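Residues per chain are reported as follows:
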There are 2 protein chains.
Amino acid sequence: MIRLRHFQQQLELTHTFRLARGASDTRQSLVVELEHEGLVGLGEAAPIARYGQDCESAAAALESMVERLTQPSAYDTAANEVAVPGQPAAEAALDMALCDLAGKRLGAPLYEVMGIDARQTPVTSFTIGMDTPEVVAAKVEEAGEYKVLKVKMGSEEDREILEAVRAVTDRPLRVDANEGWTLEGALERLEWLVSMGVELVEQPLPADQLEEMRELRRVSPLPLFADESVHRAADIPQLAGAFDGINIKLMKCGGLAEARRMIAVARAHGMQVMLGCMVESSLAITAAAHLSPLVDHADLDGNLLITNDPFEGVTVQAGRLVLPDGSGLGVRPRAE
Amino acid sequence: MIRLRHFQQQLELTHTFRLARGASDTRQSLVVELEHEGLVGLGEAAPIARYGQDCESAAAALESMVERLTQPSAYDTAANEVAVPGQPAAEAALDMALCDLAGKRLGAPLYEVMGIDARQTPVTSFTIGMDTPEVVAAKVEEAGEYKVLKVKMGSEEDREILEAVRAVTDRPLRVDANEGWTLEGALERLEWLVSMGVELVEQPLPADQLEEMRELRRVSPLPLFADESVHRAADIPQLAGAFDGINIKLMKCGGLAEARRMIAVARAHGMQVMLGCMVESSLAITAAAHLSPLVDHADLDGNLLITNDPFEGVTVQAGRLVLPDGSGLGVRPRAE
């Protein structure tokens, strides 16, 4: 018998999130508790509105998936086998809960169950969202111990935002253009980005512009990473030659099992790997962090951008991710 | 402290192994015992002479690798990180021993540690080596419960051998040409192979003839699998379009961790996966069998071709692989 419980949690953003279409101060995510043989595995879905998901559709998908689950111990394939098309966040929550259950059943942290070396965790970048130059400068001040900053660009004020960041810090910067540039605009910016100390650029062009990406990559002095252009492992072969690396997010790909397969495929193509996230609590962020020793770059800061994180798990020490040593994900409700 | 012990074992072949260059009745493999924190992990190297390895070079490589091992629990990366170039059989033995240790430390079968569904094991084929038509017919009789036969071809007597097999059984056949055909010879044989009930062909052309393979595949009515053309995950992208599937062998790729990465890469390219072996005892065969629920076809019969198997682990019931439920690999010395 497998029992599923789920409930929505509202995550309060430290800073108002601004987009062309409007602004928001909160995010909803769905917490999942999967009970099996006296143990409870935890998972979290942070549905991506861009792809037509929300907490209601994720909850419905989870109920359907759990109903068809026959071998909860087979965490490498079980969530994938029962996945509901178009609901990767729900699939990720189930996958995560199965991983947590496996670790709790075996009495070991997930990284140990998976044979991953917890000493090899990378630093994580910290994201500076788009805002006025004054607010951006204030955000950089708050980013204290983080060794690398990620700057969201892709708007009219690109240059002002990056200059505002660079004016107050000499840390390495990564730029996420979020599909916001044209080929010409990207070509114009590249040398300037290098001169500003940027070390990589994420998704400069819209996801479907692969030919333009090949052209951009041929002349780019900076490594270019796919985000919106890549969801699952099968997307990767066609990206070789168009990108230098990929950004894997559990909520895009459907969980840790698929994320590991993506790492293998990217490596086989000589591509670098970044592990990213949505706005998520420490539950989903910790799950992703267990895989971070396998990647080149981590951008696991979704839990650092909220004020009411209900969970604790992975921590950041001197900028570097530190995995918890409890069984499974090692996540527990935050102590008051 | 990690302690390494190793010793050679001589495996006696049921049937003399015939090649153009001569014949042999035995194979040597190297058994590895890795002691760590009071537990002993077992591994086996079956070095491949074609690639310049033998038990002595494998033993030397193992000593060097174990000396540089710092995190034995990190079975997903540890053997690969200390691997000696050109010694994948030694790397596989170390990887296997680390997997065995992980399962014994966690008190669970390896398939459970890896989150693999043991109920999904495939049938294994049974290999009929090249010989006179009379001996081939006798071998087929011995192949009792196996549902699929693999016939070694690639010699002058190809047609006689396949006809001798087909004369005494109606089971599905797989053909392994071992690089033995030319493009013209392969093209000539394909329709005939279909009419003989062959379901797939392994490595029809020499490993380096990728362009000819593309040509062959365009017209082939049968799926074509790479064996000598593929060693590790990074070899796979260039094979897309030239082969329909790959044959993964632990002794070629360096162990279970790399084998899992290869499965992911092959799947991302829409390719099928077969899990094969060398002449090996039940130690290495059982290790490979733990991954068999992840693949389409198993050819794990190396332990069935010898008369003095020193170990027991995986079994075959009604043609299908059945995984042992002991901790780790679940392999133990064969009871008298």
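To be clear, the structure that these remarks concern was listed above.
Residues numbered from 1 in each chain as written. Chains lettered and ligands numbered in written order. Predicted model: local features only at pLDDT ≥ 70, side-chain atom pairs only at ≥ 80, totals over all residues. Heavy atoms only, no water.

1. Details of unusual backbone geometry
In this structure, A:Asn178 takes a positive phi of about 50 degrees despite not being glycine. The exposure class of A:Asn178 is partly exposed, given its relative accessible area of 29%. Backbone geometry at B:Gln203 places phi at a positive 40 degrees, although glycine is not the residue there. Its place among the elements puts B:Gln203 in the loop between strand S7 (198-202) and helix H8 (210-219). Residue class for B:Gln203 comes out buried when judged on its relative accessible area of 0%. (Buried < 20%, exposed > 50% of the residue type's maximum accessible area, 1.4 Å probe, protein only. Helix = DSSP H or I, 4+ residues; strand = E, 2+ residues; numbered from the N terminus.)

2. What to know about the sheet that holds strand S9 (residues 245-249) of chain A
The sheet built from 8 strands is open, its strands ordered S4-S5-S6-S7-S8-S9-S10-S11 (chain A) with parallel pairing. The sheet terminates laterally at strand S4 (125-128) and strand S11 (297-298) of chain A, the two strands that pair on one side only. (Pairing = 2+ DSSP bridges.)

3. Description of the relation of the copies chain B and chain A
Its rotation angle being 180 degrees, the transformation that places chain B on chain A also includes 0.0 Å of axial translation and leaves an RMSD of 0.0 Å. The symmetry that links the two subunits is that of a two-fold axis. In terms of C-alpha distance to the rotation axis, chain B has B:Val265 as its closest residue, with the C-alpha 2.4 Å off the axis. The share of interface residues of chain B whose copies in chain A are also at the interface is 100%, consistent with both copies meeting through the same surface. (Least-squares fit on C-alpha atoms with pLDDT ≥ 70 in both. Contact = heavy atoms within 4.5 Å.)

4. Section: helix H1 (residues 55-67) of chain B
Residues and elements named next belong to chain B. Helix length check: H1, at 13 residues, gives a terminal C-alpha distance of 18 Å against a target of 18 Å (1.5 Å per residue), a fit within 8%. Taken together, the buried positions of H1 are occupied by Cys55, Ala58, Ala59, Ala61, Leu62, Met65 and Val66. Mapping the buried residues of H1 onto a view down its axis gives an arc of 165 degrees, with all of them on the same face. If you check the start of H1, you find a side-chain oxygen 3.1 Å away from the backbone N of Glu56, and it comes from Asp54. (Expected span 1.5 Å × (residues − 1). Arc of directions from axis to C-beta. Polar contact = N/O pair within 3.5 Å; in protein donor to acceptor, adjacent residues only side chain to side chain.)

5. Structural notes on the pattern of salt bridges
All names here are of chain A. Counting across every chain of the model gives 52 salt bridges over all chains. Its salt-bridge partner being Asp100, residue Lys104 comes within 2.8 Å of it at the nearest N-O pair. Of the two residues, Lys104 and Asp100 both sit in helix H3 (residues 88-106), 4 residues apart, roughly one turn of that helix. Judged by relative accessible area, Lys104 falls into the partly exposed class, the value being 26%. (Salt bridge = Lys/Arg side-chain N within 4 Å of Asp/Glu carboxyl O.)

6. Here's the deal with the packing of aromatic side chains
Inspection of every chain in the model, using the stated rule, returns 2 aromatic pairs over all chains. Measuring from centroid to centroid gives 4.9 Å for A:Phe126 and A:Tyr146, while their planes differ by 15 degrees, and the two rings are stacked. Within this pair, whereas A:Phe126 is found in strand S4, its partner A:Tyr146 is found in the loop between helix H5 (133-142) and strand S5 (148-152), the two being separated by 20 residues in sequence. On the basis of relative accessibility, which here comes to 9%, the residue A:Tyr146 falls in the buried class. Against the face of B:Phe17 rests B:Arg27, its NZ or CZ located 4.9 Å from the ring centre. The ring of B:Trp192 carries B:Arg159 above its face, with NZ or CZ at 4.8 Å from the centroid. (Phe/Tyr/Trp six-rings, centres within 6.5 Å; stacked < 30°, edge-to-face > 60°. Lys NZ or Arg CZ within 6 Å of the ring centre and 35° of its normal.)

7. Quick word on the sheet that holds strand S11 (residues 297-298) of chain B
Residues and elements named next belong to chain B. The strand order across the open sheet built from 8 strands is S4-S5-S6-S7-S8-S9-S10-S11, with neighbouring strands paired in parallel fashion. On the outer flanks of this sheet lie strand S4 (125-128) and S11, each paired with one strand and no other. Sheet analysis places strand S9 (residues 245-249) next to strand S10 (residues 272-276), joined by 5 bridges and oriented parallel. Following the sheet pairing, Ile248 is matched in S10 by Leu275.

8. A closer look at the side chain of A:Arg174
Residues and elements named next belong to chain A. Here Arg174 shows up in strand S6 (residues 173-176). Polar contacts involving the side chain of Arg174 include one to the side chain of Glu199, which spans 2.8 Å. When residues no more than four places from it in sequence are discounted, the contact partners of Arg174 are Ser125, Val148, Leu149, Lys150, Val151, Glu199, Leu200, His297 and Ala298.

9. Considering the pairing of strand S10 (residues 272-276) of chain A
Residue and element names in this part refer to chain A. Of all 5 residues in S10, 4 are buried; the element is thus mostly enclosed. The pairing of S10 with S11 spans 2 bridges and is parallel. In the sheet register, Leu275 faces S11, and the bridge partner there is Ala298.

10. So, the side chain of B:Ser281
Residues and elements named next belong to chain B. Mapped onto the elements, Ser281 comes out in the loop between S10 and helix H11 (282-289). There is a polar contact of 2.7 Å between the side chain of Ser281 and the side chain of Glu44. Leave out the neighbours within four places in its chain, and Ser281 touches Gln9, Leu11, Glu44, Asn303, Ile306, Asp309, Pro310 and Phe311.

11. Looking at the environment of B:Ala78
Residue and element names in this part refer to chain B. Relative to the helices and strands, Ala78 is located in helix H2 (residues 78-81). Residue classification places Ala78 among the buried residues on the basis of a relative accessible area of 6%. The sequence separation of Ala78 and Leu94 amounts to 16 residues, and the corresponding C-alpha distance is 8.9 Å. What Ala78 contacts, discounting residues up to four positions off in sequence, is Leu69, Gln71 and Leu98.

12. Description of the interface of chain B and chain A
Across the contact, 29 residues belong to chain B and 29 residues belong to chain A. Interface area for chain B against chain A, summed over the two sides, is near 2300 Å², with a carbon-plus-sulfur share of 53%. Here chain B and chain A share 4 salt bridges between them. Across the salt bridge formed by A:Arg105 and B:Glu112, the nearest N and O atoms sit 2.8 Å from each other. Joining chain B to chain A, the criterion identifies 17 residue pairs in polar contact (both at pLDDT 80 or more). Taken together, the elements giving at least two residues each to the side of chain B that touches chain A come down to helix H3 (88-106), helix H4 (110-113) and helix H10 (256-268) of chain B. (Buried area = accessible area lost by both parts, 1.4 Å probe.)

13. Observations regarding the pairing of S4(B)
Residue and element names in this part refer to chain B. The side-chain alternation of S4 yields two buried faces, one formed by Ser125 and Thr127 and the other by Phe126 and Ile128. As paired elements, S4 and strand S5 (residues 148-152) share 4 bridges and run parallel to each other. Each bridged residue has a counterpart across the sheet, and for Phe126 the counterpart in S5 is Leu149. What joins S4 to S5 is helix H5 (residues 133-142), and the crossover it makes is right-handed. (Right-handed = clockwise from strand over helix to strand, strands pointing away.)

14. Regarding H3(A)
Helix length check: H3(A) (19 residues) gives 27 Å between terminal C-alpha atoms against 27 Å at 1.5 Å per residue, within 8%. Downstream of H3(A) by one or two residues, A:Gly107 has phi in the positive range, about 70 degrees.

15. Points about the packing of H1(B) against H3(B)
Residues and elements named next belong to chain B. H3 packs onto H1 with a crossing angle of 50 degrees between their chain directions and a minimal axis gap of 8 Å. Judged by the angle between their axes, H1 and H3 are oblique. Helix-helix and strand crossings are classified by hand; for H1 and H3 the assignment is right-handed. Contact residues: H1 offers Ala58, Ala61, Leu62, Met65 and Val66, while H3 offers Ala90, Glu91, Ala93 and Leu94. Grouping the constituent residues of the contact of H1 with H3 by class yields 8 nonpolar, no polar and 1 charged. (Axes fitted to C-alpha atoms, helices over the stretch in contact; angles between N-to-C directions. Parallel < 35°, antiparallel > 145°, perpendicular 65-115°, else oblique. Left-handed = near helix turned anticlockwise from the far one by under 90°. Nonpolar A, V, L, I, M, F, W, Y, C, P; charged D, E, K, R; others polar.)

16. Section: the packing of helix H7 (residues 183-195) of chain A against helix H8 (residues 210-219) of chain A
Residues and elements named next belong to chain A. With their axes 10 Å apart at the nearest point, H7 and H8 run at an angle of 15 degrees to one another. Compared by their axis directions, H7 and H8 come out roughly parallel. In the crossing of H7 with H8, the sense of the turn from one axis to the other is right-handed. Counting all contacts with H7, which are made through Leu183, Ala186, Leu187 and Leu190, the residues of H8 involved are Glu212, Glu215, Leu216 and Val219. Of the residues assigned to the contact of H7 with H8, the class counts are 6 nonpolar, no polar and 2 charged.

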